[in-house]
Amino acid sequence: MPYADVNGARLYFEDSGGAGPAVVLSHGNLMDREMWVHQVRSLERDFRVIGWDERLHGRTEDDGKTHSYWDSAADLIGLLDHLGLQQAALVGHSQGGFLSMRAALLAPERVKALALIDTTSVAWPAEALAQMRGVSEGFRAAGPEAVAPVLLGMLLGQPVIHDQWLTKWKAQPRERLADAVQVLMGADDITDRLGEIAIPALVVHGDADQPIPYPLGQALAQQLPAAKELVTVTGAGHTPNLTHPDRVNPALAGFLRRSA
């Protein structure tokens, strides 16, 4: 299996290969690289597409400790080093967007373009933190079944894909799931640094997103200096790349062809 030994962790990744421009896909909290299945199929003919599992997620092997999204950004840069890539376009969903923006701040010369799906630059308000604390404690005390009825609808929206992700959660230790949510709670505010991210950027956001409401996507598109457009996915919740790939894929592929 393809693993990269980076910063004390063994990062699991999948690489389509090929000579096209490199695109790295970073998933959201409680997800894994498989949330990008529709985008890999759409992009792999023209791009070298790399999906990976972040710490506390999927097949990646780590020490189980909580960490920051700056640490995750360093992991992503280390993955580029492992693959021998001097530059790549970064596509991030939610927490994958958190770490992708931070990678662009840590190593701007390594990031060719940035596509951000249902993500934000701000820290969480108190109400959201309280909700996440309840989710984390629910995972730790009672496992995925305790939080699934609310969380699956909030994250995924479409019931037809709920069972797939609930099965994935059940395969993970409940402490790992709880700690992953704790990492999410620790996201710091980087809004005052967005002006430093001068590379081409695309913002995609579902207008029915509950965890990261649509106005935060609007603000992100306005504050990134080289964000040319905001793609609004009407009726989509938090994971439009999974639920509305017919809307997301053309916009993403077009942006990457122009910018990557």
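Note that the structure is predicted; figures quoted are calculated from it, not measured.

Draft legend 1. Region of the structure containing helix 8 (residues 214-223). Considered for burial, the residues of helix 8 that qualify are Tyr 214, Gly 217, Leu 220 and Ala 221. Taken down its axis, helix 8 places every buried residue within 115 degrees of arc, on the same side. Opposite the buried face of helix 8, at more than 90 degrees from it, the exposed residues are Pro 215 and Gln 222. Where the residues of helix 8 are buried, they touch helix 3 (95-106), strand 6 (111-117), strand 7 (201-206) and strand 8 (227-233).

Draft legend 2. Geometry of helix 6 (residues 162-170). Buried within helix 6 we find His 162, Trp 165, Leu 166, Lys 168 and Trp 169. End-on, the buried residues of helix 6 take up no more than an arc of 155 degrees, which puts them together on one face. Turned more than 90 degrees from where helix 6 packs its buried face, Asp 163 and Thr 167 sit exposed. Against the buried residues of helix 6 lie helix 4 (126-142), helix 5 (144-156), helix 7 (174-185) and helix 9 (240-243).

Draft legend 3. Looking closely at unusual backbone geometry. Although it is not a glycine, Asn 7 sits at a positive phi angle of roughly 50 degrees. Following the sequence through the fold, Asn 7 ends up in the loop between strand 1 (3-6) and strand 2 (9-15). At Ser 94, a position not held by glycine, the phi torsion is positive, near 50 degrees. Within the secondary structure, Ser 94 sits in the loop between strand 5 (88-93) and helix 3.

The rules behind these values
- Residues numbered from 1 in each chain as written.
- Predicted model: local features only at pLDDT ≥ 70, side-chain atom pairs only at ≥ 80, totals over all residues.
- Heavy atoms only, no water.
- Buried < 20%, exposed > 50% of the residue type's maximum accessible area, 1.4 Å probe, protein only.
- Helix = DSSP H or I, 4+ residues; strand = E, 2+ residues; numbered from the N terminus.
- Arc of directions from axis to C-beta.
- Contact = heavy atoms within 4.5 Å.

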